[in-house]
There are 4 protein chains.
Amino acid sequence: MNTFGRIFRLTTFGESHGRGIGGIIDGCPPGIVVDPELVQAELARRKPGQSKITTQRMEPDQVEFLSGIFEGKTLGTPIAFVVWNKDQHSTDYDDLKNVYRPSHADFTYEKKYGLRDHRGGGRSSARETIARVAAGAIARTMLQSAGVTIHAYVSQVGDVLLEKSYRELDLSLTESNIVRCPDPETAERMIAKIVEAGQNHDTLGGVITGVITGTPAGWGEPVFNKLHAELGFAMLGINAVKGFEYGSGFEGTRLPGSIHNDLFIPGGQGVRTSTNHSGGIQGGISNGEDIYFRVAFKPIATLLREQATVDSGNNPVTILPKGRHDPCVLPRAVPIVEAMAALVMVDHMLMQKINQH
Amino acid sequence: MNTFGRIFRLTTFGESHGRGIGGIIDGCPPGIVVDPELVQAELARRKPGQSKITTQRMEPDQVEFLSGIFEGKTLGTPIAFVVWNKDQHSTDYDDLKNVYRPSHADFTYEKKYGLRDHRGGGRSSARETIARVAAGAIARTMLQSAGVTIHAYVSQVGDVLLEKSYRELDLSLTESNIVRCPDPETAERMIAKIVEAGQNHDTLGGVITGVITGTPAGWGEPVFNKLHAELGFAMLGINAVKGFEYGSGFEGTRLPGSIHNDLFIPGGQGVRTSTNHSGGIQGGISNGEDIYFRVAFKPIATLLREQATVDSGNNPVTILPKGRHDPCVLPRAVPIVEAMAALVMVDHMLMQKINQH
Amino acid sequence: MNTFGRIFRLTTFGESHGRGIGGIIDGCPPGIVVDPELVQAELARRKPGQSKITTQRMEPDQVEFLSGIFEGKTLGTPIAFVVWNKDQHSTDYDDLKNVYRPSHADFTYEKKYGLRDHRGGGRSSARETIARVAAGAIARTMLQSAGVTIHAYVSQVGDVLLEKSYRELDLSLTESNIVRCPDPETAERMIAKIVEAGQNHDTLGGVITGVITGTPAGWGEPVFNKLHAELGFAMLGINAVKGFEYGSGFEGTRLPGSIHNDLFIPGGQGVRTSTNHSGGIQGGISNGEDIYFRVAFKPIATLLREQATVDSGNNPVTILPKGRHDPCVLPRAVPIVEAMAALVMVDHMLMQKINQH
Amino acid sequence: MNTFGRIFRLTTFGESHGRGIGGIIDGCPPGIVVDPELVQAELARRKPGQSKITTQRMEPDQVEFLSGIFEGKTLGTPIAFVVWNKDQHSTDYDDLKNVYRPSHADFTYEKKYGLRDHRGGGRSSARETIARVAAGAIARTMLQSAGVTIHAYVSQVGDVLLEKSYRELDLSLTESNIVRCPDPETAERMIAKIVEAGQNHDTLGGVITGVITGTPAGWGEPVFNKLHAELGFAMLGINAVKGFEYGSGFEGTRLPGSIHNDLFIPGGQGVRTSTNHSGGIQGGISNGEDIYFRVAFKPIATLLREQATVDSGNNPVTILPKGRHDPCVLPRAVPIVEAMAALVMVDHMLMQKINQH
């Protein structure tokens, strides 16, 4: 149950304070050029210590490929890779061995498995997403060759909301600031909000918006595996995510059909739609318009404050977590959202090959 | 790509105007008592023509089991079943053979497959959900034996919103009215709204809320297949769904962690939480509290109005659909939401057996 | 666990004396012309009562397609089909309800599932292979378009052995006699042997040889899913099969490498091999030469003789089966072997599309 | 396509001359004690250089676990492991870059993927089986706790045949000699045969027999995934395997049903059979008797002799392989056969949990 995808399949492994985090990509076609620096660049966007608003843990997060690549190209065989764990302060967690941190997975893992690695959250740590970002970088390379681009950005932090739609923004500005919001003015307010939360030993949630352009019409599956259902599944599998909507989403439920329907119009290079409430997907299959979606992240559960909880004997205790933690996960989650979207899209790109003569 | 689940696996088949709709359940354990009337009762909740606010098509939707059940009990072998199509007015669709209905799947199916069954939407018709409801009824029987109950209700229609949380409602009232909203006063307003939309030849969307009680702690999977990710995937795979959120959802993104965290407290029969922003799931695994979620449905695309669109030659045309259609899908979608939730939960119930000694 | 294949996936259902036998093919590409008569012709080769050396049960075995085909072509959606059970004499089995027939699956099914449908072997009946033959007929159509042909024939019945290799035979003669052996003289001896066994109320086993020609180099998978491993898996999943070998097989284990190796030679249209001990597969992947294999069938377990056994209370009893049974399964198993080979080959044909640019 | 199993799933990676060989076990239940020395001991049985009749390459083959184990027990999370490649003489293969070695996978890999890692056979090298042996050691631990033991031994080398059945042998003697044949006298003859072949720069094939004892009745699946079909699939996926038979196998096809049938008899602790032509499996499901099977291995393709072949330009060339190679793979394949059998059996053990109340 640690595998994602059907054709392009990623299986991940690793605990936060074990030997390392990594994965195997099975089903990647042969002959794809893999640029390790490009993979590393995506990991750099995810890694801790990248700015004043992220955790100050310094993890080099250097990826090492173990198989499946020869003379710079994929062989068609499994691509294994690992990022070794360094700078893990496991003793920070000694006090938490028999205690359940509020809104973390300590309690549920113990109920599921009967035992757990308590250090840094073990397998439940978001450090596992390293493997997704690495694999997503390869998926993205393949999508770019097909003209498909994926872009995500922070559109809400706590109650600071970016009011503009993605069409009104210059998405190339996303990486120009540390919060990864393409609107500079809103970005400033978000950063201030996060700094304030950090000073209060509190944490913030928010929303990330994703935009996929250039998808040909015809990708997706009609019933259970609708393209948006797989995107939603991918996003909801990211740590701290509480919701997903695409196209008109929850807001669109208030519109009547006469306004919501996207009318087809003749386009120069084929059929287009006049509006895009469908979010580029109709009946689970891409229609060639932009795909866009929103992902809700809860505030991080680790507070550097004293909190009441219980221990494994069902006794009340208080905890005060140590260590270095993010006050807001959103900026570092942007490359994770992009990676998961890339994994979904590349899988459907490959599946659609089977329908083609 | 028409299979749902890993252990308890449903594969569905059928086009709207083909011979029938049905499926195979593979992986259902042996010895489960199957009451055909109970399955039929769930299908009756889904079927057209059940009230003045649904389509007036009269489809008997009688389920016939073909295998896997002997002397009233499951054999452990595949359970095949079919609901024969009757009362299909295929000629209603003759004019639509080469035309793409707005916000339907006509265009995308043709792009994916190169051909399509244009009658009644073919495979893209929500009639496919018959198979899900039938299978869900069996899943539900198994869950009830384990003390797990699933309940869904309509909590929004267009701009009519049920303001109360599920804890403030008497969920046993859901079936007491035709819109399936457990608050009688709000139900009245919803019904009026739907009647009005129907008269205007317009359609409405809305929200269905789901509540699962009695889940033991420990169900779910930690990484990609988080319990809420699978619930979200299941819901997003239902026709017309545009969004999914669980627990505190999108609203919770505005709360700081100091308020959002659910503190653990000693309970009489084990660990509990003081609040439930987590929606009963932490780290992707159930914690024993109620699981609750919301599902967004867009307004139905079929309007009995003239609309502009294009034909398969990329030429502008106008269409005026014939036939009998729902002005609002929500009341009939309640059993579908419950069925999909049941399929997810029973799969995780069975998977958790593997971890147990 | 009733699904075969990865891309072209067949899920079968049905008990011998239930409503019917059938299946769903999911993953069949769109636009394939399906000729129902061609499917029916394959079923006719499998069906009982076809000659004096098969069981005299008369089962029409008429296939009915329920979905996935429109105007004679596949839609890309699931193809469901059923063959209704007729002429079932369920009362023939009343005496066997609590008794385990020797070398049948009665005892093991009861141990696995805790209950069973005792009528005609229930799910363990070879009647289940109807679904495989029907699906195989469609797979075969697709393979033929790609120039791949599949041919099987009876090469041993009891101790009557066809000494010639497939290269020395005119395979077009296989259907010219009722035992399906392409060597007329050997066929006569096989038929006499089967007639004699039937008169003695005894049964016979034997061997079926399969030959696949026209496979392009490059089909298969390198590690677990080697092309021959999947062929072997497919054959060993047929009722009564006890062994599988391909290419030089068990005999080749006695040869030294200096003789066994197939030397590559330059061919007019690409690389060829001088001999074919490899059976057309090297490293699990086709090399363009003929693929050939042998499948061992045990003698059928149902004897019309009194035999000692035990009942479900572990008490000794004797049984004397009633009904109409084959003295030798081989002639009717030829189309089943071909169907399973077709399912394997079409799956690898489709998978290889993913590697192609 | 590099994953084996459904519940207990092994995904392997690695090329012969890449960074290493390894895998991820996903689905291993929590709380299993893993003894790294026991895993290492199995690898020692497989590794090169262990005796005068194996290749003299010295590969330490030390396994390193990267995840999934904490304080000596499995966590229920993915168990990743790697064996680093050392002592690889990649330059030995420089001459073979554009040449296809006879009866190797060089040609077919190039046809499948369009490119290949030519060094040491790349992914097609039997070095990949390291990962299977390591995972099999863990599977075996679990089976032993359930009373299931797996034993394999060499029963034929070239034309030297061990005539006794497994019941007549003292299987504890298997490890007492370097060829792994439990009959000391036959072992001597086999060893002499291999030494002679090595001196002639030739290679030998043979047969390995496997025996599984202690399996409870009820493991397996009825249709495609019959227990013996999965064992056969597992064995046919091992490098150089050409055939598989179980129970009475190919020989049994000559017996009439009246002799072949295994009569049930009342046993002290439940139902038994008087003979065991069924090889412990009936209808694809274990019946509690011993499971036994035979696996055919062709002679190794690498000869230290000059051989004719062609290059990638379809031109005739001759090759003379360098390096250190086994004259007979059988002794080192015994732990591989056992490992693959263990992977199959543990998967069915876990699956059967789902049927149990």
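The structure this text deals with has already been given above.
Residues numbered from 1 in each chain as written. Chains lettered and ligands numbered in written order. Predicted model: local features only at pLDDT ≥ 70, side-chain atom pairs only at ≥ 80, totals over all residues. Heavy atoms only, no water.

A.B. asks: What is the right way to look at the relation of the copies chain B and chain C in this model?
C.D. replies: In this structure, two copies of a chain are linked by a rotation about an axis accompanied by a shift along it. For the pair chain B and chain C, the superposition axis carries a translation of 0.0 Å, the fit reaches an RMSD of 0.0 Å, and the rotation angle comes to 180 degrees. This pairing of chains is accounted for by a two-fold axis. Comparing contact sets, 100% of the residues at the interface of chain B also lie at the interface in chain C, consistent with an isologous, same-surface contact. (Least-squares fit on C-alpha atoms with pLDDT ≥ 70 in both. Contact = heavy atoms within 4.5 Å.)

A.B. asks: Would you mind going over the relation of the copies chain B and chain A with me for this structure?
C.D. replies: Aligned on chain A, chain B shows an RMSD of 0.0 Å; the corresponding rotation is 180 degrees and the shift along the axis is 0.0 Å. Mapped onto chain A, 100% of the interface residues of chain B are again interface residues, and the two copies thus contact each other with one and the same surface.

A.B. asks: In this structure, what is going on with the interface of chain B and chain C? I would like to understand it.
C.D. replies: In many reports, interface size means the accessible area that the parts give up when they come together. Facing 40 residues of chain B, the contacting portion of chain C comprises 40 residues. Between chain B and chain C, the buried area comes to about 3000 Å², and carbon and sulfur atoms account for 63% of it. Along the contact surface separating chain B from chain C lie four salt bridges. One can count twelve residue pairs in polar contact (both at pLDDT 80 or more) joining chain B with chain C. Those elements that provide at least two residues to the side of chain B that touches chain C are β2 (9–13), β3 (20–26), β4 (63–65), β6 (73–74) and β7 (79–84) of chain B. (Buried area = accessible area lost by both parts, 1.4 Å probe. Salt bridge = Lys/Arg side-chain N within 4 Å of Asp/Glu carboxyl O. Polar contact = N/O pair within 3.5 Å; in protein donor to acceptor, adjacent residues only side chain to side chain. Helix = DSSP H or I, 4+ residues; strand = E, 2+ residues; numbered from the N terminus.)

A.B. asks: When you look at the packing of aromatic side chains in this model, what are you seeing that I'm missing?
C.D. replies: Aromatic rings considered in pairs are described by the distance between their centres and by the relative angle of their planes. Counting across every chain of the model gives 42 aromatic pairs over all chains. Centre to centre, the rings of Tyr109 of chain A and Tyr113 of chain A are 5.7 Å apart; their planes meet at 65 degrees, and the pair counts as edge-to-face. With Tyr109 of chain A and Tyr113 of chain A both in helix α2 (residues 106–113), this residue pair falls four residues apart, about one helical turn. Using a relative accessible area of 5% as the deciding quantity, one classes Tyr109 of chain A as buried. Note on Phe250 of chain A and Phe250 of chain B: the rings are 6.0 Å apart at their centroids and 65 degrees apart in plane angle, and the pair reads as edge-to-face. (Phe/Tyr/Trp six-rings, centres within 6.5 Å; stacked < 30°, edge-to-face > 60°. Buried < 20%, exposed > 50% of the residue type's maximum accessible area, 1.4 Å probe, protein only.)

A.B. asks: Please explain the interface of chain B and chain A as it appears in this structure.
C.D. replies: Taken together, the 104 residues of chain B in the interface contact 104 residues of chain A. Together chain B and chain A conceal approximately 8100 Å² of surface at their shared face, both sides included; 62% is due to carbon and sulfur atoms. There are two salt bridges connecting chain B and chain A. Two residues, Glu221 of chain A and Lys112 of chain B, come together in a salt bridge whose shortest N-O distance is 3.7 Å. Broken down by class, the residue content of the side of chain B that touches chain A amounts to 43 nonpolar, 43 polar and 18 charged. Where strand β11 (residues 241–246) of chain A lies against strand β11 (residues 241–246) of chain B, three bridges are found, and the strand directions are antiparallel. Paired with Phe244 of chain A across the two strands is Phe244 of chain B, which belongs to β11 of chain B. (Nonpolar A, V, L, I, M, F, W, Y, C, P; charged D, E, K, R; others polar. Pairing = 2+ DSSP bridges.)

A.B. asks: Help me understand unusual backbone geometry in this model?
C.D. replies: Note: most residues except glycine have negative phi, and most peptide bonds are trans. Residue and element names in this part refer to chain D. In the Ramachandran plot, His201 falls in the positive-phi region, its phi being about 55 degrees despite a non-glycine side chain. Residue position: His201 is located in the loop between α4 (184–199) and β10 (206–213). According to the relative accessible area criterion, His201 is partly exposed, its value standing at 40%. With a phi angle near 70 degrees, Asn314 is a residue other than glycine that sits in the positive phi range.

A.B. asks: Would you explain the pattern of salt bridges in this entry?
C.D. replies: Pairing is possible between side chains that carry opposite charge, provided their charged atoms lie close to one another. Residue and element names in this part refer to chain A. Enumeration over the complete set of coordinates arrives at 104 salt bridges over all chains. Note that Glu175 and Arg45 form a salt bridge whose closest N and O atoms lie 2.7 Å from each other. Here the residue Glu175 occupies a position in the loop between β9 (160–161) and α4 (184–199), and Arg45 occupies one in helix α1 (residues 36–46), the gap between them amounting to 130 residues. Given a relative accessible area of 43%, Glu175 falls into the partly exposed group. One salt-bridge network, in which partners are shared between bridges, spans Glu42, Arg45, Arg140, Glu175, Arg180 and Glu338.

A.B. asks: Explain the state of the cysteines here, please?
C.D. replies: A disulfide bridge is the covalent bond that connects two cysteines by way of their sulfur atoms. All names here are of chain B. Enumeration according to the criterion identifies zero disulfides over all chains in this entry. Lacking any disulfide linkage, Cys181 is separated from the closest cysteine sulfur, that of Cys328, by 12 Å. Classification of Cys181 by relative accessible area gives buried; the value is 0%. (Disulfide = S-S within 2.5 Å.)

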